[in-house]
Amino acid sequence: MDTRYIREFVILADCLSYSEAANQLFISQSALSKHIMTLEKEVGQTLFKRTTRSIELSDAGSIFLHYATKIALIDEDCRIALDAYNRRRNKTVTLAVIQNPEYYNLAKYVVAFRHANPELTLNLVEEDEKGMKDLFDRKEVNLIATFEPDLTKYNFMPMVENSVVALVNSSSHLANKESISMHDLSEERLLLPKRNSTMSRVCLQAFCEAGIVPDIFYEGSSMGCTELVKEGLGTSLHAREFASAVVSEGDPHLRMVEVDPPIHYRYGIVYRDESELSEAEHAFLRLARMYELQK
């Protein structure tokens, strides 16, 4: 009995929709239907009652679901355990990195690791914050280079500390100021990083601590914020590295201004408990600690 088909049965039994289950499984509806029919032949029972518009579990399907769920969970646990075993044995390190890693000194310790450990292979996988967290939580990677998480359940090694700055339109009354206060920002239409991102959380926390409810006009990509600033539609907040890179391109419509008091953030490496790491991953952490941000 193919455990993949059992997992597909459990997902279909949960949503009772071939189209939804197929989307979750990244397979076609016809393939899913064939797999379920194969499973029914193997168990000798009709597992679903089908009509032209809907499906529901049969009595036999309800009984089978109880055991199928256990089998699917055991199969997943087994796969994760074997993957972890293989990672411990092999000489490959996979590091998931946030987009635009060039802003965070990543190259410095990646190059140092390769020079110090020529026998080991280092693979970099670029993801957004949510994608990295999903990879880490599913135990597909043990190391991620990202912003400092807000949950203490993650081990975090800080590598860089920096601050948030404002991008303003050159025609704005703020453009010639040396710094912008939280009070100044409270009177502006704000263009903020994507909702639920670390940069968004850091900025909103700063407003909360200042007792200010920000007037948020837009939440989205950094480039989207920048384009809106150029059109004079508000003031945006960004990681210093991104803002510096944009301003250095010489666009006459943009000015970078400091925020006072500073809004700080840290970037570093999130890693799993060291008992779960391979020898190669331990080697990477040992090297990275040479560049760790000192308290």
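See the structure above.
Description of the structure in this document. Keep in mind that what you see is a predicted model, and the values were worked out from it rather than measured. (Residues numbered from 1 in each chain as written. Predicted model: local features only at pLDDT ≥ 70, side-chain atom pairs only at ≥ 80, totals over all residues. Heavy atoms only, no water.)

### Remarks on the state of the cysteines
A full pass over the atoms with the stated rule returns zero disulfides. C208 takes part in no disulfide bond, and the closest cysteine sulfur to it belongs to C203, at a distance of 13 Å. (Disulfide = S-S within 2.5 Å.)

### With respect to the pattern of salt bridges
All chains considered together, the criterion is met by 13 salt bridges. R289 is paired through a salt bridge with E274; the nearest N and O atoms lie 2.8 Å apart. Of this pair, R289 sits in the segment after α11 (279–288) while E274 sits in the loop between β12 (264–271) and α11; the two residues are 15 residues apart in sequence, bridging distant segments of the chain. By relative accessible area, R289 is classed as partly exposed at 33%. Sharing partners across several salt bridges, the network here consists of E227, K230 and D251. (Salt bridge = Lys/Arg side-chain N within 4 Å of Asp/Glu carboxyl O. Helix = DSSP H or I, 4+ residues; strand = E, 2+ residues; numbered from the N terminus. Buried < 20%, exposed > 50% of the residue type's maximum accessible area, 1.4 Å probe, protein only.)

### What to know about the pairing of strand β9 (residues 215–220)
The sheet contact formed by strand β8 (residues 189–193) and β9 spans five bridges and is parallel. Bridge assignment links L192 to a residue of β9, and that residue is E219. (Pairing = 2+ DSSP bridges.)

### Concerning unusual backbone geometry
For the peptide bond that leads from D260 to P261, omega is 5 degrees, which places it in the cis range. Relative to the elements of secondary structure, P261 occurs in the loop between β11 (254–260) and β12. Not every positive phi belongs to a glycine, and F26 is a case in point at roughly 60 degrees. Here F26 lies in the loop between α2 (18–25) and α3 (29–43). With relative accessibility at 76%, the residue F26 sits in the exposed group. For K139, which is not glycine, the phi torsion reads 65 degrees and is therefore positive. Note on placement: K139 falls in the loop between α6 (129–137) and β5 (143–147). A relative accessible area of 34% places K139 in the partly exposed class.

### Some details on helix α1 (residues 3–15)
Counted at 1.5 Å a residue, the expected span for α1 with its 13 residues is 18 Å, and the 19 Å between its end C-alpha atoms agrees. Of the residues trailing α1, L16 is marked for its positive phi of about 50 degrees. (Expected span 1.5 Å × (residues − 1).)

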